[in-house]
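# Tertiary structure, described
Single-letter residue listing:
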Amino acid sequence: MQVVTLYRPVGPEEMDQIERSGWKTFPSRLPEQPIFYPVVQKEYAMKIARDWNVQANGTGFVTKFDVDAEYLGQFQVHRVGGREHSEYWIPAESLDEFNRHIVGLIEIIAEFRK
């Protein structure tokens, strides 16, 4: 099976929910969050965690995880700035299925604090 490595910057609440899942799934989106945004570049995820999550929550984490490449192929990569700002847009209603296609465990690769 081919996999694609993705990154997800998260705050402490989302990190707690990931840990409670046994490091296997991302939590459901809130009603005001219609899209789940995993990012392609580690540096982009680090910037979001450091600049946005720390500002909003006092702590930011960067997670790394692999997804089945065949499944992920149904979604487009979106550039949201420069070349180094790419992310997938996963509809909130597809997140449970997305979680079932994570290969292995979600891991923390960076942590930022105020």
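We now turn to the structure provided with this report.

This brings us to a nonpolar patch on the surface. Taken together, Met-1, Val-3 and Val-103 make up a surface patch of nonpolar side chains, about 280 Å² in accessible area. Considering the arrangement of structural elements, one finds Val-3 in strand E1 (residues 3–10). Take Val-3: its relative accessible area is 35%, and that puts it in the partly exposed class.

Taken as a whole and judged by the stated rule, the model has seven aromatic pairs. Put simply, the rings of Phe-26, Phe-36, Phe-65, Tyr-71, Phe-75 and Phe-98 pair up and form one aromatic cluster. We note Arg-50 situated over the ring of Phe-112; from NZ or CZ to the ring centre the distance is 5.7 Å.

The next thing to look at is the side chain of Asp-68. For Asp-68, the location among the structural elements is in strand E3 (residues 59–68). In this structure, Asp-68 is buried with no salt-bridge partner, the nearest side chain bearing the opposite charge being Arg-100 at 11 Å. Of the polar contacts made by the side chain of Asp-68, one reaches the backbone nitrogen of Glu-70; its length is 3.1 Å. Those residues in contact with Asp-68 that sit more than four places away from it in its chain are Met-1, Gln-2, His-101 and Val-103.

Parameters at a glance
- Residues numbered from 1 in each chain as written.
- Predicted model: local features only at pLDDT ≥ 70, side-chain atom pairs only at ≥ 80, totals over all residues.
- Heavy atoms only, no water.
- Patch = residues over 30% accessible without salt bridge, like charges linked within 9 Å, V, L, I, M, F, W, Y side chains within 5 Å.
- Areas by Shrake-Rupley, 256 points an atom, 1.4 Å probe, with all protein chains shown as cover.
- Salt bridge = Lys/Arg side-chain N within 4 Å of Asp/Glu carboxyl O.
- Helix = DSSP H or I, 4+ residues; strand = E, 2+ residues; numbered from the N terminus.
- Buried < 20%, exposed > 50% of the residue type's maximum accessible area, 1.4 Å probe, protein only.
- Phe/Tyr/Trp six-rings, centres within 6.5 Å; stacked < 30°, edge-to-face > 60°.
- Lys NZ or Arg CZ within 6 Å of the ring centre and 35° of its normal.
- Lys, Arg positive; Asp, Glu negative; His and termini not counted.
- Polar contact = N/O pair within 3.5 Å; in protein donor to acceptor, adjacent residues only side chain to side chain.
- Contact = heavy atoms within 4.5 Å.

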